[in-house]
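Structural characterization, general
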Amino acid sequence: MAIIASNFKTNHTRKSTASFINNVNDYLNSSAIKSEVYVFPSSTSFDSFNTVSNLTLGAQNAYATAKGSFTGEIGTEQLDEFAIKTILIGHSERRHVLGESQEETAKKFTFYSELGYKIIYCIGEPLEVKQQGIEQTLEYVYEQFVGIDTNYENLILAYEPVWAIGTGVTASNTDITSIHSVIKSKISKPLLYGGSVKVANVAEICALDGVDGALIGTASWKVEDFKQIIENTKDL
Ligand code: 13P
């Protein structure tokens, strides 16, 4: 069963998010599709959506706190208000644009795992590391597991090479399978691929050995495309 996740990043308003979620919900409700579908909207668009059991709303980020003085952040009190129990941790943009360290990322992981959240934990190397070869790439990726309990029961992993995110450059099938096979041999958790996944390539990527689904940004923001992505992977 494919796992298909949409990361809205800094896109969509409350109104367009509600319309997107209701549209996807109606589609799943009227089909026999059993794929696990996740949507990560902006926190300003959280709401108590009444969704089918295989459509889950998650947070793109939150601080490792229930509440407190952390300007600009949200904690579990804000998530509880919308019964959100799913979170993305370690996304490339948190690490490389917002400067979140591995230590902070691991602290967040520990906090949210102790609360039983479903965690989609992201890893992936920048271009200059990829260019050094597979050994260096794996070494870089291993560092992103420091402080992370990879046996955590509610864990989904997502391999998202930084150079493939938002660039239109998808990793080749060989790039994907060579990294996925090593990670899968060490950690037996579902492993998604992310990075320029689109309607035209999602089925091929999700059918690769060691790929359990996709985490999608740009190509998932139009609801018709996202539904098509779910449709194209429903039998995997
Ligand atoms: P794109 O699909 O836009 O490359 O983004 C991938 C991503 O970062 C999903 O979390």
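Here, every reference points to the structure presented above.
Structure report, in brief. Not measured: the values here are computed from a predicted model.

**Some details on the side chain of threonine 65**
Inspection of the secondary structure assignment puts threonine 65 in the loop between strand E3 (55-57) and helix H2 (76-80). A relative accessible area of 12% means that threonine 65 is categorised as buried. Dropping the residues within four chain positions of it, threonine 65 is found in contact with Phe70, Gly75, Thr76, Phe111 and Tyr112.

**Some words on helix H9 (residues 223-232)**
Among all positions of H9, only Val223, Phe226, Lys227, Ile229 and Ile230 are buried. One side of H9 carries all its buried residues, which in axial view fall inside an arc of 155°. Contact partners of the buried residues in H9: strand E1 (3-7), helix H1 (14-29), strand E2 (36-40), helix H8 (202-206) and strand E8 (213-216).

**Quick notes on the site of the ligand**
Residues in contact with the ligand amount to 13 residues; listed here are only the nearest, Lys9, His91, Gly166, Ser196 and Thr218. Here an oxygen atom of the ligand sits 2.6 Å away from a polar atom, N or O, in the main chain of glycine 166. Here threonine 218 contributes a side-chain N or O atom positioned 2.5 Å from an oxygen atom of the ligand. In isolation the ligand exposes 300 Å². Once the protein is present, 99% of that is buried. Here the shell around the ligand is composed, by residue class, of four nonpolar, seven polar and two charged.

**Digging into unusual backbone geometry**
With a phi angle near 50°, lysine 9 is a residue other than glycine that sits in the positive phi range. Looking at the secondary structure, you find lysine 9 in the loop between E1 and H1. Take lysine 9: its relative accessible area is 16%, and that puts it in the buried class.

**Focus on the nonpolar core**
Residues Leu28, Leu79, Ile119, Tyr121, Tyr193 and Ile230 are the most contacted members of the largest nonpolar core, which totals 60 residues. Top contributing element to this core by residue count: H1, with five residues. Ranked by size, the runner-up nonpolar core spans 11 residues in total, among them Tyr38, Phe40, Ala158 and Leu192.

**Some points on helix H6 (residues 134-143)**
What sets the pattern is the α-helix's 3.6 residues per turn: residues three or four places apart point alike. Taken together, the buried positions of H6 are occupied by Thr137, Leu138 and Val141. Each buried residue of H6 lies within a common arc of 95° when the element is viewed along its axis, so the set occupies one face. Projecting away from the buried face of H6 at angles above 90 degrees are the exposed residues Glu135, Glu139 and Glu143. Where H6 is buried, its residues touch strand E5 (118-123), helix H5 (127-130) and helix H7 (173-186).

**A word on the packing of H1 against H9**
At a minimum axis separation of 10 Å, H1 and H9 run at an interaxial angle of 30°. When the axes of H1 and H9 are compared, the pair comes out roughly parallel. H1 and H9 meet at a crossing whose hand is right-handed. Contact residues: H1 offers Phe20, Asn23, Val24, Tyr27 and Leu28, while H9 offers Val223, Glu224, Phe226, Lys227, Ile230 and Glu231. When its residues are assigned to classes, the contact of H1 with H9 shows seven nonpolar, one polar and three charged.

The rules we used
Residues numbered from 1 in each chain as written. Predicted model: local features only at pLDDT ≥ 70, side-chain atom pairs only at ≥ 80, totals over all residues. Heavy atoms only, no water. Helix = DSSP H or I, 4+ residues; strand = E, 2+ residues; numbered from the N terminus. Buried < 20%, exposed > 50% of the residue type's maximum accessible area, 1.4 Å probe, protein only. Contact = heavy atoms within 4.5 Å. Arc of directions from axis to C-beta. Near = heavy atom within 4 Å. Polar contact = N/O pair within 3.5 Å; in protein donor to acceptor, adjacent residues only side chain to side chain. Areas by Shrake-Rupley, 256 points an atom, 1.4 Å probe, with all protein chains shown as cover. Nonpolar A, V, L, I, M, F, W, Y, C, P; charged D, E, K, R; others polar. Core = buried A, V, L, I, M, F, W, Y, C linked by side-chain atoms within 4.5 Å. Axes fitted to C-alpha atoms, helices over the stretch in contact; angles between N-to-C directions. Parallel < 35°, antiparallel > 145°, perpendicular 65-115°, else oblique. Left-handed = near helix turned anticlockwise from the far one by under 90°.

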